[in-house]
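Descriptive structure summary
So the chains spell out like this:
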Amino acid sequence: MKKYGVLAVAQRFLMVGLLTGLVWLCLPVSAGAESKITIRPMITADVEYHDNYYRAEKAEREVFVYAVKPGFQFGLETPKTRINFFYTLEAYWYDDNGSVPAGEDPASDDDYIGHLFVLDTRYKPTRRITLGLNDDFYLTRDPRQSDIFDDRVDRRKYIVNHLTPLFFYDFENRFSLGIRYRRTDLHYLERPKNDLVEHRWMFNLLYNPTRTSTFDLDYQHWTVDYDESNTSDYSADQVRLIYEKRHRHFAFDVGGGYQWRDYDQSSIEDDGTVTLLASVLWQNPPPPEGRRYLGRQFIRAKTHAYLGAERNYNNYGDTYTADRFVLSLGHVFREKIDCRVRGWYQINDYENYIGPDSGGRPTHRKDKTYDAYASVGYLITKRMEISLRVGRDERDSNIRGLSYVDNYCMLRYDFNFDILSRGMFSEEGAYY
């Protein structure tokens, strides 16, 4: 596989540009008064304190993190076309609270400028057909942005890009078909490197017996190719059946299936795993009524209660089965005070990772990790908020040296913040 260098990054931008140009060519020439253009500035600024920023078991370091994230949204809608483009520049600065331990680099060496852009397009050439293109690009140090189940603690800078063309066909009032292809590129800018490319095909057959209930037969096939020979490439297949029921304020879904993997390295065995998911949600005001469409994301109301659980493999690195439980509660008091409690708890059972336990005996790795916080915010206006967040991130591992506890707090300012502007990298994705 070719390295994901400067040339490859340029090629990715060129591909997105060409595909976007094709969408623009499909726009009606006489859109005129029927078109709607949106241009909106956004900015987020925050200061964070971590008492164990690098998530070490013993050598804990207190670090202050300062971030300023200006950006903008450009949107265009016509009767047949929707284009949304979001860009955010993310400037991060780090400062040790106290002296730097001997032999270690100062936290300020991690200062960086990140970039996040999200392109979301839809075009309906006919009443039944929808074509689309999504591209989500992120340059970051947050390891959990590469995979919702990710359990790494390193702070290496990396690029992750998801490019997804899609085709959606509505057969009639009850059946619809979705076909998507997603290419994921993961490229590390700092050593040690373990770059990869994932090619994933996704097929969804949706059946809506009523406007408020949906059966989703989901089949996916993908391959993961690593640059480094010390990590095995693999191919995978997954099939799931999911049922979703929506009431005015209340909704739930439940589903399950199976995933198989085939590793290139014969020394790695995999018997596959049962995949499960279930969730229940209450929210007010309620979301729009109607059928479920592939790729449609309803924004959760600020007043809500959500509980979810999921079981599946992680995508990259050492393979483990993850059992994940998430909770999100939120309510706005007197239309000004925004209070939230959120958290997730995850159990990772590794397939092939063997390491020393606290007594030095070799054992299969099993981790229990959670991250939970409470926040209170004041809505200065409907689009402007200042908030304070206090949380705890903890991992309990049976392998020596891998446990940690990180207590943190954050003071944050948001103006025109939109969760959709972060695409697949939204914090919301960790809870919904």
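For every chain, the first residue of the written sequence is number 1, and numbering continues from 1 onward in sequence order. Totals for whole chains, interfaces and linings use every residue, but because this is a predicted model, local features are given only for residues with pLDDT of at least 70 and side-chain atom pairs only at 80 or more, for both listing and counting. Calculated side-chain values reflect all of the structure's heavy atoms, with hydrogen atoms and water omitted.

1. Quick look at the overall build of the chain
Strands here mean DSSP runs of E at least two residues long; helices mean DSSP runs of H or I at least four residues long; both are numbered from the N terminus. Helix and strand counts for the chain stand at one helix and 18 strands. Only protein chains enter the area calculation, which uses a 1.4 Å probe; residues under 20% of their type maximum are buried, those over 50% are exposed, and those in between are partly exposed. Across the 432 residues in the chain, those meeting the buried criterion constitute 47%. By the convention used here, residues are in contact when the closest approach between their heavy atoms is within 4.5 Å. Here the analysis covers contacts within the chain between residues at least 6 apart in sequence; of these, 60% occur between residues at least 24 apart. Of the accessible surface of the chain, which amounts to about 21,500 Å², a share of 58% is contributed by carbon and sulfur atoms. Method for areas: the Shrake-Rupley scheme with a 1.4 Å probe, in which residue coverage is limited to the protein chains shown.

2. Observations concerning the nonpolar core
Each nonpolar core is a collection of buried residues, namely Ala, Val, Leu, Ile, Met, Phe, Trp, Tyr and Cys, held together in the definition by side-chain atoms within 4.5 Å. Counting residues in hydrophobic clusters, the biggest one holds 18 residues, and the most contacted among them are Val160, Leu186, Leu196, Val224, Tyr234 and Tyr316. At the level of elements, β4 (112-123), β6 (158-170), β7 (175-188), β9 (213-226) and β10 (234-246) are the ones that each hand at least two residues to this core. Counting residues per element, this core draws most heavily on β9, which supplies three residues. Residues Val65, Tyr94, Ala107 and Tyr112 belong to the second largest nonpolar core, which totals twelve residues.

3. Considering the pairing of strand β2 (residues 63-77)
Sheet analysis places strand β1 (residues 36-50) next to β2, joined by 15 bridges and oriented antiparallel. Paired with Arg40 across the strands is Gln73, a residue of β2. By the bridge criterion, 13 bridges tie β2 to strand β3 (residues 81-96) in an arrangement that is antiparallel. The residue of β3 that forms the bridge with Phe74 is Phe85. The pairing criterion for strands is at least two bridges between them, as found by DSSP. Joining the antiparallel neighbours β2 and β3 is a turn of three residues.

4. Digging into the packing of aromatic side chains
A pair of Phe, Tyr and Trp rings is counted when the ring centres sit within 6.5 Å of each other, with Trp represented by its six-membered ring. The angle between the planes then sorts it: under 30 degrees is stacked, over 60 is edge-to-face, the rest tilted. Applying the stated criterion to the full structure yields 24 aromatic pairs. Centroid distance Phe72 to Phe85: 6.1 Å. Interplanar angle 45 degrees. Geometry classified as tilted. Note that Phe72 is positioned in strand β2 and Phe85 in strand β3, a separation of 13 residues in sequence. Of the aromatic side chains, those joined through ring pairs into one cluster are Phe175, Tyr207, Phe215, Tyr243, Phe250 and Phe252. Over a ring means this: the NZ of a Lys or the CZ of an Arg is within 6 Å of the ring centre and within 35 degrees of the ring normal. The cationic tip of Arg156 hangs over the ring face of Tyr188; the distance from NZ or CZ to the ring centre is 4.0 Å. Just above the ring of Tyr373 sits the side chain of Arg389; from NZ or CZ to the centre is 4.0 Å.

5. A word on the side chain of Arg389
With respect to the element layout, Arg389 can be found in strand β17 (residues 384-397). Taking the relative accessible area as the measure of exposure, Arg389 reaches 14% and is therefore buried. Whenever two N or O atoms come within 3.5 Å, that pair is a polar contact, provided that in protein one can donate a hydrogen and the other can accept it, and provided that, for residues adjacent in sequence, both atoms are side-chain atoms. A distance of 3.0 Å separates polar atoms of two side chains, one belonging to Arg389 and the other to Glu427. Among all residues touching Arg389, those that are not within four sequence positions of it are Tyr373, Ala374, Ser375, Tyr408, Cys409, Met410, Arg412 and Glu427.

6. With respect to a nonpolar patch on the surface
Every patch collects residues that have over 30% relative accessible area and no salt bridge, joining them within 9 Å if they carry like charges and within 5 Å if they are nonpolar side chains (Val, Leu, Ile, Met, Phe, Trp, Tyr). Here, a salt bridge means any Lys or Arg side-chain nitrogen found within 4 Å of an Asp or Glu carboxyl oxygen. Taken together, the side chains of Phe333, Ile337, Val376, Tyr378, Ile380, Ile386, Leu388, Val390 and Leu411 define a hydrophobic patch exposed on the protein surface, amounting to about 740 Å² of accessible area. Overall, Ile337 belongs to the partly exposed group, its relative accessible area being 31%.

7. Digging into unusual backbone geometry
Generally, phi is negative for residues other than glycine and the peptide bonds are trans, each holding for most cases. Across the junction of Arg191 and Pro192, the peptide omega takes the value 0 degrees, indicating a cis bond. Along the chain, Pro192 falls in the loop between β7 and β8 (196-210). Backbone geometry at Arg334 places phi at a positive 55 degrees, although glycine is not the residue there. As for its placement among the helices and strands, Arg334 is situated in the loop between β14 (320-333) and β15 (337-356). The phi angle at Asn416 is positive, at roughly 60 degrees, despite the residue not being glycine. With respect to the helices and strands, the residue Asn416 is situated in the segment after β18 (404-415).

8. Structural notes on the environment of Met384
Mapped onto the fold, Met384 is located in strand β17. Not counting chain neighbours up to four residues away, the residues in contact with Met384 comprise Tyr378, Leu379, Tyr413, Asp414 and Phe415.

9. Examining the environment of Asp406
Structurally, the position occupied by Asp406 is in strand β18. Sequence-distant contacts of Asp406, defined by excluding residues within four places in its chain, comprise His50, Asp51, Asn52, Tyr53, Gly391, Arg392 and Asp393. Reaching out from Asp406, the side chain makes a polar contact with the side chain of His50 at a distance of 2.8 Å.

10. Section: the confidence of the model for the chain
The pLDDT averaged across the chain works out to 88; a share of 89% of its residues lies at or above 70. Confidence of the predictor in every single residue is expressed as pLDDT, which spans 0 to 100. This stretch, residues 1-7, has a pLDDT under 50; its non-local contacts, to residues over four places away or in other chains, come to 16 contacts.

11. Here's the deal with the pattern of salt bridges
Within this structure, the stated rule accounts for 29 salt bridges. Of the charged contacts in the structure, one is a salt bridge between Asp120 and Arg122, with a shortest N-O distance of 3.0 Å. For the pair shown, Asp120 and Arg122 are each scored as buried. Notably, a salt bridge pairs Arg361 with Asp357, separated by 3.4 Å at the nearest N-O pair.

12. Considering the pairing of β18
By the alternation rule, side chains of β18 split into Tyr404, Asp406, Tyr408, Met410, Arg412 and Asp414, which are all buried, and Val405, Asn407, Cys409, Leu411, Tyr413 and Phe415, of which none is buried. Sheet topology note: the β1/β18 ladder contains eight bridges and is antiparallel. Looking across to β18, one finds that Ala45 is bridged to Tyr413. Pairing analysis gives twelve bridges linking β17 to β18, with the strands arranged antiparallel. When the sheet's bridge partners are listed, Met384 is paired in β18 with Phe415.

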